[in-house]
Amino acid sequence: EVQPVESGGGLVRAGESLRLSCTASGFTFDDYAIGWLRQAPGKGREGVATITSIDGDTYYADSVKGRFTISSDNAKNTVYLQMNSLKPEDTAVYYCAAEPLVGGRGYWARAAMEAPLFGSWGRGTQVTVSS
């Protein structure tokens, strides 16, 4: 079973940093597009950043460009989301999601960063930024 597992959320003040981690259970990141998506209270799930470790290509939402960085450590089969200069509006549950590249919609999911394009999801980790 393909199961991403998130960790690293918490409560921070505006301007501080957090790093989220997503590890793979049952699959290898090289074969997938990996995305971080978030859902704030009362809002839909939105794409934050995506990566394909096989070629290193990354995509970011405009709202996080210059502040967040997505990266992968293939040896550890882990994808990270480094979040700097956090703002209260970044408060949300952050999810790691995966979609196959071959036989799936991975390349499309990577570019579009839309939740319905990702087939496998973690349980999410809460990030709360106080003002």
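Scroll up a little and you will see the structure.
Cut-offs applied
- Residues numbered from 1 in each chain as written.
- Predicted model: local features only at pLDDT ≥ 70, side-chain atom pairs only at ≥ 80, totals over all residues.
- Heavy atoms only, no water.
- Helix = DSSP H or I, 4+ residues; strand = E, 2+ residues; numbered from the N terminus.
- Rg over C-alpha atoms; globule rule 2.2 N^0.38 Å.
- Salt bridge = Lys/Arg side-chain N within 4 Å of Asp/Glu carboxyl O.
- Buried < 20%, exposed > 50% of the residue type's maximum accessible area, 1.4 Å probe, protein only.
- Pairing = 2+ DSSP bridges.
- Axes fitted to C-alpha atoms, helices over the stretch in contact; angles between N-to-C directions.

Engineer: Would you explain the overall build of the protein in this entry?
Structural biologist: For the protein, the helix and strand inventory stands at 1 helix and 11 strands. When the elements of the protein are put in sequence order from the N terminus, they spell out β-β-β-β-β-β-β-β-β-α-β-β. Taken over the C-alpha trace, the protein has a radius of gyration of 13 Å; the compact-globule value for 131 residues is 14 Å, and the two agree within 12%. Taken along the three principal axes of its C-alpha coordinates, the protein extends 45 × 30 × 25 Å.

Engineer: Where do I start with the pattern of salt bridges in this structure?
Structural biologist: Charged atoms that come close allow side chains of opposite charge to pair. Under the counting rule described, the total for this entry stands at 7 salt bridges. Residue Arg38 is joined to Asp90 by a salt bridge in which the shortest nitrogen-to-oxygen separation is 2.9 Å. Of the two residues, Arg38 sits in strand β4 (residues 32-39) while Asp90 sits in the loop between β8 (78-83) and β9 (92-100), which places them 52 residues apart along the sequence. Grouping residues by exposure puts Arg38 and Asp90 together as buried. In this structure, Arg110 and Asp55 form a salt bridge, with 3.2 Å as the shortest nitrogen-oxygen distance. Of the two residues, Arg110 is situated in helix α1 (residues 106-112) and Asp55 in the loop between β5 (45-52) and β6 (57-60); the sequence distance between them amounts to 55 residues.

Engineer: How should the sheet that holds strand β3 (residues 18-25) be read in this particular structure?
Structural biologist: Within a sheet, neighbouring strands are paired by backbone hydrogen bonds and run either parallel or antiparallel to one another. Strands sit in the order β1-β3-β8-β7 across an open sheet of 4 strands; the sheet is antiparallel. In this open sheet, the two edge strands, each paired with only one partner strand, are β1 (3-7) and β7 (68-73). For this sheet the average axis-to-axis angle between neighbouring strands, irrespective of direction, equals 20°. Where β7 meets β8, 6 bridges bridge the pair, whose relative direction is antiparallel. Within the sheet, the bridge partner assigned to Ser71 lies in β8 and is Tyr80.

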